[in-house]
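Survey of secondary and tertiary structure
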Amino acid sequence: GLRSLGTLVQRATRLKSLCLCNNAINDEGLECLVEGMTQHCSLTDLDLSNNHSITAEGLRTLSAFIQSDICCLKVLWLRGINFGDDGAVALADGLMANKSLIDLKFDS
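Notes on the structure follow. Since the structure is predicted, the reported quantities are computational estimates derived from the model, not experimental observations. (Residues numbered from 1 in each chain as written. Predicted model: local features only at pLDDT ≥ 70, side-chain atom pairs only at ≥ 80, totals over all residues. Heavy atoms only, no water.)

Attention shifts here to the nonpolar core. Formed by 29 residues in total, the largest nonpolar core has its most connected members in Leu33, Met37, Leu46, Leu48, Leu62 and Leu73. Counting residues per element, the ones that place at least two in this core are helix 1 (2-11), helix 2 (27-39), helix 3 (56-67) and helix 4 (84-97). For this core, the leading source of residues is helix 2, giving five residues. (Core = buried A, V, L, I, M, F, W, Y, C linked by side-chain atoms within 4.5 Å. Buried < 20%, exposed > 50% of the residue type's maximum accessible area, 1.4 Å probe, protein only. Helix = DSSP H or I, 4+ residues; strand = E, 2+ residues; numbered from the N terminus.)

Following this line, the structure appears as structure tokens:
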């Protein structure tokens, strides 16, 4: 599943946009994807919308990535994810140190 996708993201050096909306991704799947993006990432646009199983735990993993210098995401879609207060705090922590994001799309 997403472990393979994480590996693909590492190797696909020309991949700029990845839409994974409505794919039943959970925290474990997001962790695998982030592991791949941490190794090498050319993604500038990532859509994780409507993956309802992503929780604050998954957002903490994503937050660590968006804080890193390797993060080159410009647009991040998190619509339809009910991550609650803990998820909002995790996301805010990542955003404070992020140097690349210019557009974050989510709803409450």
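This part is about the packing of helix 3 against helix 4. Orientation of helix 3 relative to helix 4, taken along the N-to-C sense of each, is 5°, at an axis distance of 8 Å. The pairing of helix 3 with helix 4 is recorded here as roughly parallel in orientation. Across the interface between the two elements, Ala56, Leu59, Arg60, Ser63, Ile66 and Gln67 of helix 3 pack against Asp86, Gly87, Ala90, Leu91, Asp93, Gly94, Leu95 and Ala97 of helix 4. For the contact of helix 3 with helix 4, the per-class residue count stands at seven nonpolar, four polar and three charged. (Axes fitted to C-alpha atoms, helices over the stretch in contact; angles between N-to-C directions. Parallel < 35°, antiparallel > 145°, perpendicular 65-115°, else oblique. Contact = heavy atoms within 4.5 Å. Nonpolar A, V, L, I, M, F, W, Y, C, P; charged D, E, K, R; others polar.)

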